[in-house]
Amino acid sequence: MTGGVRSVRRAQAEVLDQPVDADPDVLIAYPSSRGVATDFLLGPGAVLRSGTVLYAGSRFGARLQTGHHVIVREECQLGDDVSIWSNTVVDYGCRIGDRVKIHSNCYIAQYTEILDDAFLAPGVTVANDLYPGQAESARLMSGPLVGAKAQIGVNVTLLPFVRIGDGCLVGAGSVVTHDLPPDTVAFGNPARVRGRVADLLAIDERVVPDPTSTARLRAGGRQVEP
């Protein structure tokens, strides 16, 4: 493995034509075992924290930021100002738009698309194989499409092929099995549309101060009944 690390570090000088703010153990243009194209592009202004591995064969826009122990596999395309936080894996063949934020402990399965300004909260899991273990299902595997400005809550699971409409809000812990229309609020297992984002109460109507706790606010009124 030591030899592999050396080869990756040599490759860094060949693929980077601008300074990059990277911790010493970051691996850039890591070789894939899949025999795919090895071209690599990392835009200017990247900040890459310890344990980050960016595979050869992917292209990254300007000002990428990673947390610790982030992996982005080969054949991915990322836009500008993307943030990917600690312990998240983006598997191969994904496309991620500008200003997307992917929080900690997420798994983004192969062939997933996430459009501009979307947000994925901690623990989001994306699936892409409808019948795991079946050869035909593996051949046709595909992740979901997450629309522009969609917000996906903590520990949500997105199943293969679904389309999350632009501006959707998916509540924590939901399992999304079907398409969701734009600008809707959905939650549950399976997730169902419960309303529209435009009708949500303002945040200051949902919480009350709690001066006795470091968790400085507590829940007030409910938006909808479960």
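Structure first, text after, so check above.
Each residue is numbered by its place in its chain's sequence as written, counting from 1. The predicted nature of this model means local features are confined to residues of pLDDT at least 70 and side-chain atom pairs, given and counted, to a pLDDT of 80 or more, with totals for whole chains, interfaces and linings taken over all residues. Each side-chain value is derived from all of the structure's non-hydrogen atoms; neither hydrogens nor water enter the calculation.

**Q** A description of the overall build of the chain should follow, citing residues and the corresponding values.
**A** If you tally the helices and strands in the chain, you get two helices and 27 strands. Excluding contacts between residues fewer than 6 apart, the proportion of contacts in the chain whose partners are at least 24 apart in sequence is 20%. Numbering of helices and strands runs from the N terminus; a helix is a DSSP stretch of H or I covering at least four residues, while a strand is a stretch of E covering at least two. Any pair of residues with heavy atoms lying within 4.5 Å of one another is described as a contacting pair.

**Q** Which residues make up the nonpolar core, and what values go with them?
**A** The term nonpolar core refers to a set of buried residues drawn from Ala, Val, Leu, Ile, Met, Phe, Trp, Tyr and Cys, joined through side-chain atoms within 4.5 Å. Exposed residues in this analysis have more than 50% of their type's maximum accessible area, buried residues have under 20%, and partly exposed residues fall in between, with area computed by a 1.4 Å probe over protein chains only. One finds Ile152 and Ile164 to be the most contacted residues of the largest nonpolar core, which totals 43 residues. Setting aside chain neighbours within four positions, we find Ile164 in contact with Leu145, Val146, Gly147, Ala150, Ile152, Leu158, Val170, Val176 and Leu180.

**Q** Which residues make up the sheet that holds strand 15 (residues 113-114), and what values do they have?
**A** Two strands make a pair as long as DSSP finds a minimum of two bridges between them. Ordered in space as 3-6-9-12-15-18-21, the seven strands form an open sheet in which the pairing is parallel. Each having just a single partner strand, strand 3 (41-42) and strand 21 (163-164) make up the two edges of the open sheet. Strand direction decides the pairing type here: strand 3 and strand 6 (residues 59-60), joined by two bridges, are parallel. If you follow Leu41 over to strand 6, its bridge partner there is Arg59.

**Q** Could you give an account of a nonpolar patch on the surface, with specific residues and numbers?
**A** Residues enter a patch when their relative accessible area is above 30% and they make no salt bridge; the linking distance is 9 Å between like charges and 5 Å between nonpolar side chains (Val, Leu, Ile, Met, Phe, Trp, Tyr). Shrake-Rupley sampling with a 1.4 Å probe provides the accessible areas, and residues are treated as covered by the protein chains on show and by no other component. Only one rule defines a salt bridge in this text: a Lys or Arg side-chain nitrogen within 4 Å of an Asp or Glu carboxyl oxygen. A cluster of nonpolar side chains, Leu130, Tyr131 and Phe161, forms an exposed patch at the surface whose accessible area comes to about 310 Å². Among the structural elements, Phe161 can be located in the loop between strand 20 (157-158) and strand 21.

**Q** Just give me the short version of unusual backbone geometry, but keep the residues and values in it.
**A** Cis peptide bonds are those with omega within 30 degrees of zero, and the linkage from Asn189 to Pro190 qualifies with 0 degrees. Residue Arg63 is not a glycine yet carries a positive backbone phi of 65 degrees. Despite not being glycine, Lys149 shows a phi value in the positive range, around 65 degrees. Secondary-structure assignment places Lys149 in the loop between strand 18 (145-146) and strand 19 (151-152).

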